[in-house]
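Given next are the chains, with one letter for each unit.
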Amino acid sequence: EDKVVQSPLSLVVHEGDTVTLNCSYEVTNFRSLLWYKQEKKAPTFLFMLTSSGIEKKSGRLSSILDKKELFSILNITATQTGDSAVYLCAVANAGGTSYGKLTFGQGTILTVHP
Amino acid sequence: EAQVTQNPRYLITVTGKKLTVTCSQNMNHEYMSWYRQDPGLGLRQIYYSMNVEVTDKGDVPEGYKVSRKEKRNFPLILESPSPNQTSLYFCASSWVSTGELFFGEGSRLTVL
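Just so we're clear, the structure is a prediction, and the values are computed from it rather than from any experiment. (Residues numbered from 1 in each chain as written. Chains lettered and ligands numbered in written order. Predicted model: local features only at pLDDT ≥ 70, side-chain atom pairs only at ≥ 80, totals over all residues. Heavy atoms only, no water.)

Caption draft 1: Layout of the packing of aromatic side chains. Under the counting rule described, the total for this entry stands at nine aromatic pairs over all chains. Both rings, one in Tyr36(A) and one in Phe104(A), keep their centres 6.1 Å apart while their planes meet at 40°; by these two values the pair is tilted. Linking Tyr36(A) in strand 4 (residues 30-38) with Phe104(A) in strand 10 (residues 102-104), this pair joins segments that are 68 residues apart in sequence. A network of ring pairs unites the aromatic residues Tyr36(A), Phe45(A), Phe104(A), Tyr35(B), Phe90(B) and Phe103(B) as a single cluster. (Phe/Tyr/Trp six-rings, centres within 6.5 Å; stacked < 30°, edge-to-face > 60°. Helix = DSSP H or I, 4+ residues; strand = E, 2+ residues; numbered from the N terminus.)

Have a look at this one:
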């Protein structure tokens, strides 16, 4: 059974802090890992990672994948109150009878105080 | 505007009364899927569809049915809802199963 585990489950920081969110996975046929941000409504896409060691960046957010150790991290530098959200990690399965399955982690709740 | 539209957004119903949550996308995506979100459990995949007339079970398919007769629509059917199906439901679509998902706004369902 595919499994995705995120840590920590919740995190409280102050504006300006840097945070690192973790996502580890066990998937039979890994194809891609995706990060989403969820505020009060639907998740919105942040990054898709398919190759090890290649950092993806968007402003203050960055992410990297390690396919050997089966994990990914999402970094947010100089946090702002608008970064407060649930961050979701998901892994796509692209093999055999599980082709098309997408497994999400439990999410990390990030709270940024002014 | 590119979007995924779900209806209804909110629904309170009673045990055993069949209901359908509709989902429609206007991006010509091949892949569509349904998720439920419960506190502490993240998003769990219910069913997914790789293309018209092709559907597969996700991790929590019990008590749900789906159909994909047209590319744009992927309704979720609860034949006999039970209280443990009270949840927030999301429909999503993408070009391919392994890429960026576009989510609907969510449907909050309460079964009494």
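Caption draft 2: Region of the structure containing the pairing of strand 5 (residues 44-49) of chain A. Residues and elements named next belong to chain A. With five bridges joining them, strand 4 and strand 5 adopt antiparallel strand pairing. If you follow Leu34 over to strand 5, its bridge partner there is Met48. Hairpin connection of strand 4 to strand 5: five residues between the antiparallel strands. (Pairing = 2+ DSSP bridges.)

Caption draft 3: View of the interface of chain B and chain A. Across the contact, 22 residues belong to chain B and 23 residues belong to chain A. In this assembly, chain B packs against chain A so that about 1,700 Å² is buried in total across both faces, 57% of it on carbon and sulfur atoms. Between the two partners, chain B and chain A, sit one salt bridge. One salt bridge in this structure joins Asp59(B) and Lys101(A), with 2.6 Å as the shortest N-O distance. In this structure, the connection of chain B to chain A is made through four residue pairs in polar contact (both at pLDDT 80 or more). Those elements that provide at least two residues to the side of chain B that touches chain A are strand 4 (31-38) and strand 5 (42-51) of chain B. With five residues, the single largest contributor to the side of chain B that touches chain A is strand 5 of chain B. (Contact = heavy atoms within 4.5 Å. Buried area = accessible area lost by both parts, 1.4 Å probe. Salt bridge = Lys/Arg side-chain N within 4 Å of Asp/Glu carboxyl O. Polar contact = N/O pair within 3.5 Å; in protein donor to acceptor, adjacent residues only side chain to side chain.)

Caption draft 4: Quick look at the pattern of salt bridges. Residue and element names in this part refer to chain B. Following the criterion strictly, the structure yields seven salt bridges over all chains and no others. A salt bridge links Arg36 to Asp38, with the shortest nitrogen-to-oxygen separation between them at 2.9 Å. Among the residues examined, Arg36 registers a relative accessible area of 9% and is labelled buried. Each of Lys18, Lys65 and Glu79 takes part in one network of salt bridges that share partners. (Buried < 20%, exposed > 50% of the residue type's maximum accessible area, 1.4 Å probe, protein only.)

Just geometry here; none of it tells us what the structure is for.
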